[in-house]
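One-letter residues, chain by chain:
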Amino acid sequence: MSPSRPRPAATVPGALQEGLVVSSHGRHCVVETQGGTRVRCHPRGKKLEVVVGDRVQWLPSQDEGSIERTLPRRNWLYRQDELRTKSFAANLDQVLILLAAEPEFSEHQLARALIACEAAHIEPLIVLNKADLGAPFARGWQRLAPYRAMGYAVLPLAAKARHSHPNPLPPAGEGANSLPTDDGLATLGERLQGRATLILGPSGAGKSTLINRLVPGAQAATGELSQALNSGKHTTTSTTWYWLDAARRSALIDSPGFQEFGLHHIDPMQLAAYMPDIRPHVAECRFYNCTHLHEPGCGVISAVKSGSGAHQISASRYKIYSDLFAELGGRGT
């Protein structure tokens, strides 16, 4: 659904309004009113941080508006490196992590996004794109088997529109050794209904292709938003909210691509709690402050060494844990 063109406020100056932040760029953003009109606004004061998905109170003026305050957030997804914090969006129902069969996705990058979702208490949905590539897709699907075993929802997708495919998509919980006739878009659409979904994905995953299929006219809409923000262009520098239905109940939030996903807001001693395959074994550790790296009687290390069973921890996942623990400044006891 293409949004209405952002335009000067048509409400009475001085009357406090409530609205939804649907796009942001620098010190300006676009707020959607309860009636669906989109208005260019700027936050009042340098300390007022506003992100896409925020519910705000704002004051209209003759040609734009000022955001006076943000209403309490249900959640907030962001990444943080040593120097700065980068917000994605607020008040989300789920995060769609889009991966591709080619180029080969980074399991470290996937793990970081999942940990951020766990820490923010937001449900993740993993989607593997380019199901039409056959063997590369089958390899990617197999690499995601541990994540399906952890209980994460994983869906296959062929985002690029095609007229026909020779073989069916693999069932969401099974192996993939075939090409799709169904592109998976209908199944994915069902998971988006009635939810505000942020879509994350590295370059080359097909995020723009998917958004343009789910949101006809998205390119034109982003052009209008860019014009309203005087940003010149809308590419990878801002986040934008799109409605998927006329009733404005289902939304897709397009975010900039990322190469690194900093987790410096995560306490290294809490890291295991955000990894579903490691978390169950923490209670089996001898020491309450176990780092799960070298301590005797560690339930996590025992699960890694066993290499079998319903609750095993793969060597690759354990390496991700140990690498992140060191990156976040954790030290052995």
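## Looking at the confidence of the model for the protein
- On average, residues of the protein carry a pLDDT of 85, and 81% of them reach 70 or more.
- Looking across the protein, the model is least confident in helix α6 (residues 218-229), with a mean pLDDT of 55, and most confident in strand β9 (residues 123-129), with 98.
- Contacts from residues 172-180, a stretch scored under 50 in pLDDT, to residues over four places away or in other chains number 34 contacts.
- Segment residues 231-236: pLDDT under 50, and eight contacts once partners within four positions in sequence are set aside and those in other chains are kept.

## Points about the packing of aromatic side chains
- Tallied over the full model, the rule gives six aromatic pairs.
- An angle of 25° between the planes, with centres 4.1 Å apart, marks the rings of Trp76 and Tyr78 as stacked.
- Its relative accessible area of 25% is what places Trp76 among the partly exposed residues.
- Owing to a relative accessible area of 19%, Tyr78 belongs among the buried residues under this scheme.
- An aromatic cluster of at least three residues, connected via ring pairs, comprises Tyr318, Tyr321 and Phe325.
- Residue placement shows Arg73 over the ring face of Trp76; its charged tip is 5.1 Å from the ring centre.

## Comments concerning helix α4 (residues 185-192)
- Residues of α4 that are buried include every one of Leu185, Leu188, Gly189 and Leu192, and no others. End-on, the buried residues of α4 take up no more than an arc of 105°, which puts them together on one face. Facing away from the buried side of α4 by over 90 degrees, the exposed positions are Ala186 and Glu190.
- Buried residues along α4 sit against β8 (94-100), β9, β10 (153-156), β11 (196-200) and α5 (207-214).
- In the segment just after α4, Gly194 is the residue with positive phi, at about 70°.

## Overview of the pattern of salt bridges
- Under the definition given, this model contains 15 salt bridges.
- In this structure, Lys207 engages Asp254 in a salt bridge whose closest nitrogen and oxygen atoms are separated by 2.9 Å. Within this pair, whereas Lys207 is found in helix α5, its partner Asp254 is found in strand β13 (residues 251-254), the two being separated by 47 residues in sequence.
- Judged by relative accessible area, Asp254 falls into the buried class, the value being 11%.
- In this structure, the salt-bridge partner of Asp323 is Lys319, at a minimum N-O distance of 2.8 Å. In this pair, Asp323 and Lys319 both sit in helix α8 (residues 315-327), four residues apart, roughly one turn of the helix.
- One continuous salt-bridge network, built from bridges that share partners, spans Glu32, Arg38 and Arg248.

## Section: the pairing of β13
- What you see with β13 is no split at all: Ala251 and Ile253 on one side and Leu252 and Asp254 on the other are buried throughout.
- Across four bridges, β11 lies against β13 in parallel orientation. Pairing of Thr197 across the sheet is with Leu252, part of β13.
- Bridge count between strand β12 (residues 240-243) and β13: four bridges; the pairing is antiparallel. Bridge pairing in β13 places Thr240 opposite Asp254.

So, how was this worked out
- Residues numbered from 1 in each chain as written.
- Predicted model: local features only at pLDDT ≥ 70, side-chain atom pairs only at ≥ 80, totals over all residues.
- Heavy atoms only, no water.
- pLDDT = per-residue confidence, 0-100.
- Helix = DSSP H or I, 4+ residues; strand = E, 2+ residues; numbered from the N terminus.
- Contact = heavy atoms within 4.5 Å.
- Phe/Tyr/Trp six-rings, centres within 6.5 Å; stacked < 30°, edge-to-face > 60°.
- Buried < 20%, exposed > 50% of the residue type's maximum accessible area, 1.4 Å probe, protein only.
- Lys NZ or Arg CZ within 6 Å of the ring centre and 35° of its normal.
- Arc of directions from axis to C-beta.
- Salt bridge = Lys/Arg side-chain N within 4 Å of Asp/Glu carboxyl O.
- Pairing = 2+ DSSP bridges.

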